[in-house]
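Below, each chain spelled out in residue letters.
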Amino acid sequence: MSLTQFGSILSFAILLEEKLEELYKELASKENGALSEEFSKRAKACVKRKQRLERSRRENITEITLEPIEGLDEKKYQLNLSGTSPQEIDTLEKQVITFYFDVTPKINVLETRRVLKRCQKEHSNLKNLSEEK
Amino acid sequence: MTTQLRNLINGEWVEATTEKFTPVINPGTQEVLAECPDSTPDDVKRAVNAASTAYVEWRQTPVLSRTRYLMTFKNLLEEHFEKISKLVVKEAGKTIDEARGEVRRGIESVEFAFSVPSLMTGFKVEDISSGIDETAECQPLGVFAMLAPFNFPFLVPMWFLPVAIACGNTMVVKPSPTTPLTMDYVFKLWEEVELPEGVVNLVHGGVDAANALMEHPDVKGVSFVGSSTVGKIIYEKSTKHGKRVQIQGGAKNYLAVMSDANLATAVPNIMGSFYGCAGQRCLAGSVVLAVGDIYESLKKELLTAARKLKVGYGLDDASQMGAIATQKSKERILGMIKKGIDEGAELLLDGRNLVVDGYETGNFIGPSIFDKVTPDMTLAQEEIFGPVMSIIHVPDFETAVTTINASNYGNAASIFTQKGGYAREFKYRVNAGNIGVNVGVAAATASFPFGGKNDSFFGDLHGQGPDSVRFYTDYKVVIERWV
């Protein structure tokens, strides 16, 4: 999937959220107590964001201004999900924040930019797990 | 075994009374998706009779109830959004984003029909004469027919059908036999809406079915979108049979780029205009008028951008341009490119030999650009309906306007400029039904009439917007004296 179109960017974002959701679900089942709760909360938030992104892909596509998009390299945003240490999870989140930061200005639909900004904000507001421990 | 499509008549899926079928082919893969029946005049007669019978009660159904059915329909469309979009890709060849854009716009037309209760209110004047009141009541007319084109199998029927039935009419829709699957799917959703039987009917087919609809005495009006050549025939035939008609025909859309234009924003938009839907839409850009000294830099940027476009199968998210809908269309476009070369235009970018990996049999043509085109060339005059850009270098704004207004068509025209004076003059003087200012696809949205001039439109009332309510209703004037 190349990040060259309105839909492909949103589909990529949906995929990122799906991957994170799976990861957090798995971690929630492995951990106990507050950390498990934190991961469950994160997994639920991923589902919500995914739904929000799907809705925007469906409702905000604008045929009149459907233009090619340049300058985004998807390799930069591929998540490495093999590591699950707090530092590695924080790195993943930072990568997702960078993704949202980079793609938002490339989208020429205001409502979708708003959705992407909100996703970025939510990821940015997450606790830094490596600092917590 | 390949599925043979059936007609939906009076709430029942029935086989057409024919032995003739057209294969429905995925233009990206050549897979045969289904077979479309060539319905006969008898099939059409049954559908129109069902619609006529249904009209009696449907007209009496309160307008708010009628629009509530549409709300249920809209919710189903949202729920099935991705499935419908993918069907559009499979049968029409466009990219998934283009298909989603089409479905979204179609849903917007359904939403527009929610406003019919306030758009068909009529009007009244008390004491128009001493003790006399006069009222104009807005009434539906009966059965309407919709003949759809291949390139927007979802959107175009949605321009007409929701408003027609919200106004109290009933309808027979005949999709293009090239792309009938989307409407077939959508009519299955209509079944879930549980409209009274016969309010909406689907008849697949070609010329025979279209002729039968135009000739049937119970059909009060015909809405058509397609080529101007066919549109003119339909206009003449339908009016001869006493129908009201709206024909949205072909196009030759010019985009004038002034020397003050912001190329950073104009070029991506121009790409979308010329190569969106592989140029197979009546609002696609066809000719770039490079005005004055912007010519060289514009040409260079257009070439660079066009070379970068990724052509591919529509369901591949990375594809920025999809397939040509039919092999026949592809051959016609290739013929137009050859003609351009023969007439002396310079082919700067040749998309003829493009092969898409994994889809070698698909009907693909890459973005093509002709330079040194002159207004007398076929490239500048005839609709190509494919991913071919022609560049004409004109010295000034006046020549640009004169060149555009010399066209036989008048669907859309756009100007790219940062000067309000040019934009104002362009809007005022250019003879096209849809004008874009820094917008290359001047596509009227659901609440505005889809304009058209010259051979791009035949009729009086346009599709979409308040015009559509007027098309599907008639005023009855009541003059009363009670004192």
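What counts and how
- Residues numbered from 1 in each chain as written.
- Chains lettered and ligands numbered in written order.
- Predicted model: local features only at pLDDT ≥ 70, side-chain atom pairs only at ≥ 80, totals over all residues.
- Helix = DSSP H or I, 4+ residues; strand = E, 2+ residues; numbered from the N terminus.
- Rg over C-alpha atoms; globule rule 2.2 N^0.38 Å.
- Buried ≥ 20, exposed ≤ 12 C-beta atoms within 10 Å, placed from the backbone.
- Axes fitted to C-alpha atoms, helices over the stretch in contact; angles between N-to-C directions.
- Parallel < 35°, antiparallel > 145°, perpendicular 65-115°, else oblique.
- Left-handed = near helix turned anticlockwise from the far one by under 90°.
- Contact = placed C-beta atoms within 7 Å.
- Nonpolar A, V, L, I, M, F, W, Y, C, P; charged D, E, K, R; others polar.
- Domains from an automatic or database assignment.
- Pairing = 2+ DSSP bridges.
- Right-handed = clockwise from strand over helix to strand, strands pointing away.
- Core = buried A, V, L, I, M, F, W, Y, C linked by C-beta atoms within 7 Å.
- pLDDT = per-residue confidence, 0-100.
- Arc of directions from axis to C-beta.

Points about the overall build of chain B
In step 1: From N to C terminus, chain B includes 16 helices and 20 strands.
In step 2: For 483 residues, the compact-globule estimate of 2.2 N^0.38 gives 23 Å, and the C-alpha radius of gyration of chain B, at 23 Å, lies within 12% of that figure.
In step 3: With the C-alpha coordinates aligned to their principal axes, the bounding extent of chain B is approximately 75 × 65 × 40 Å.
In step 4: For chain B, buried positions account for 56% of its 483 residues.

So, the overall build of chain A
In step 1: Within chain A, the secondary structure is distributed over five helices and zero strands.
In step 2: Listing each helix as α and each strand as β along chain A from the N terminus yields α-α-α-α-α.
In step 3: Computed over the C-alpha atoms, the radius of gyration of chain A is 15 Å, within 12% of the 14 Å expected from 2.2 N^0.38 for a compact globule of 133 residues.
In step 4: By its C-alpha atoms, chain A is 50 × 25 × 20 Å across when sized along the principal axes.

A few points about the packing of helix 2 (residues 63-79) of chain B against helix 4 (residues 96-113) of chain B
All names here are of chain B.
In step 1: One can describe the packing of helix 2 onto helix 4 by two numbers: an axis separation of 9 Å at closest approach and a directional angle of 160 degrees. Between helix 2 and helix 4, the crossing angle belongs to the class labelled roughly antiparallel. At the point where helix 2 passes helix 4, the crossing takes the left-handed sense. Residues Thr-67, Leu-70, Phe-73, Lys-74, Leu-77 and Glu-78 of helix 2 lie in contact with helix 4, whose contacting residues are Ile-107, Val-110, Glu-111 and Ala-113.
In step 2: Its residues placed into classes, the contact of helix 2 with helix 4 shows six nonpolar, one polar and three charged.

So, the packing of helix 3 (residues 86-103) of chain A against helix 4 (residues 110-124) of chain A
Residues and elements named next belong to chain A.
In step 1: Contact pair helix 3 / helix 4: the axes reach a minimum separation of 9 Å and the direction vectors enclose 155 degrees. What the angle tells us is that helix 3 and helix 4 run roughly antiparallel. Seen from above, helix 3 lies across helix 4 with left-handed handedness. Contacts from Glu-93, Val-96, Ile-97, Tyr-100, Phe-101 and Val-103 of helix 3 reach helix 4 at Leu-116, Cys-119, Gln-120, His-123 and Ser-124.
In step 2: Looking at the contact of helix 3 with helix 4 residue by residue, the classes come out as seven nonpolar, three polar and one charged.

Remarks on the interface of chain B and chain A
In step 1: Facing 22 residues of chain B, the contacting portion of chain A comprises 18 residues.
In step 2: The biggest single contributor to the side of chain B that touches chain A is helix 4 of chain B, with eight residues.
In step 3: Broken down by class, the residue content of the side of chain B that touches chain A amounts to nine nonpolar, five polar and eight charged.

Things to note about the domain arrangement of chain B
Accessible area lost during the coming together of the parts is what is often quoted as the interface size.
All names here are of chain B.
In step 1: Looking at the assigned domains, one finds that chain B contains domain 1 (7-250 + 451-481) and domain 2 (253-408 + 412-437).
In step 2: Each of domain 1 and domain 2 was reduced to a C-alpha centroid, and the two centroids are 31 Å apart.
In step 3: Sorting the residues of the side of domain 1 that touches domain 2 by element identifies helix 3 (81-92) and helix 4 as the ones contributing at least two each.

Some details on the pairing of strand 13 (residues 285-291) of chain B
All names here are of chain B.
In step 1: For strand 13, the buried fraction is high: seven of the seven residues fall into the buried class.
In step 2: With five bridges joining them, strand 12 (residues 253-257) and strand 13 adopt parallel strand pairing. Opposite Tyr-254, over in strand 13, you have Val-287 as the bridge partner.
In step 3: Since strand 12 and strand 13 lie parallel, the crossover through helix 10 (residues 263-275) that links them has a hand, and here it is right-handed.

Here we look at the sheet that holds strand 20 (residues 473-481) of chain B
Residue and element names in this part refer to chain B.
In step 1: Read from one edge to the other, the open sheet built from three strands follows the order 5-6-20, with strand pairing classed as antiparallel. Whereas interior strands pair on both sides, the edge strands pair on one side only; in this sheet they are strand 5 (123-129) and strand 20. This sheet shows a mean twist of 25 degrees between the axes of neighbouring strands, independent of strand direction.
In step 2: Sheet analysis places strand 5 next to strand 6 (residues 132-140), joined by four bridges and oriented antiparallel. When the sheet's bridge partners are listed, Val-125 is paired in strand 6 with Glu-134.

Focus: the nonpolar core
All names here are of chain B.
In step 1: In this structure, Met-171, Val-172, Leu-213, Val-257 and Leu-289 are the most contacted members of the largest nonpolar core, which totals 155 residues.
In step 2: Sort the elements by how many residues they give to this core and helix 6 (residues 155-166) lands first, with 10 residues.
In step 3: Shared between two domains, this core takes at least three residues from each, and those domains are domain 1 (7-250 + 451-481) and domain 2 (253-408 + 412-437).
In step 4: In contact with Met-171, other than residues within four places in its own chain, are Ala-51, Phe-144, Met-146, Leu-161, Ala-164, Ile-165, Val-200 and Asn-201.

Focus on the confidence of the model for chain B
When pLDDT is low, close inspection of the predicted coordinates is not appropriate.
In step 1: Looking at chain B, pLDDT values average 97 and 100% of them are 70 or higher.
In step 2: Here the predicted complex carries an ipTM of 0.88, next to a pTM of 0.95.

Brief notes about helix 14 (residues 397-405) of chain B
In step 1: Buried residues of helix 14 of chain B: Phe-397, Ala-400, Val-401 and Ile-404 of chain B, and no others. Each buried residue of helix 14 of chain B lies within a common arc of 95 degrees when the element is viewed along its axis, so the set occupies one face.

What about unusual backbone geometry?
In step 1: With a phi angle near 70 degrees, Gln-30 of chain B is a residue other than glycine that sits in the positive phi range.
In step 2: The residue Gln-30 of chain B is located in the loop between strand 3 (21-25) and strand 4 (32-37) in this model.

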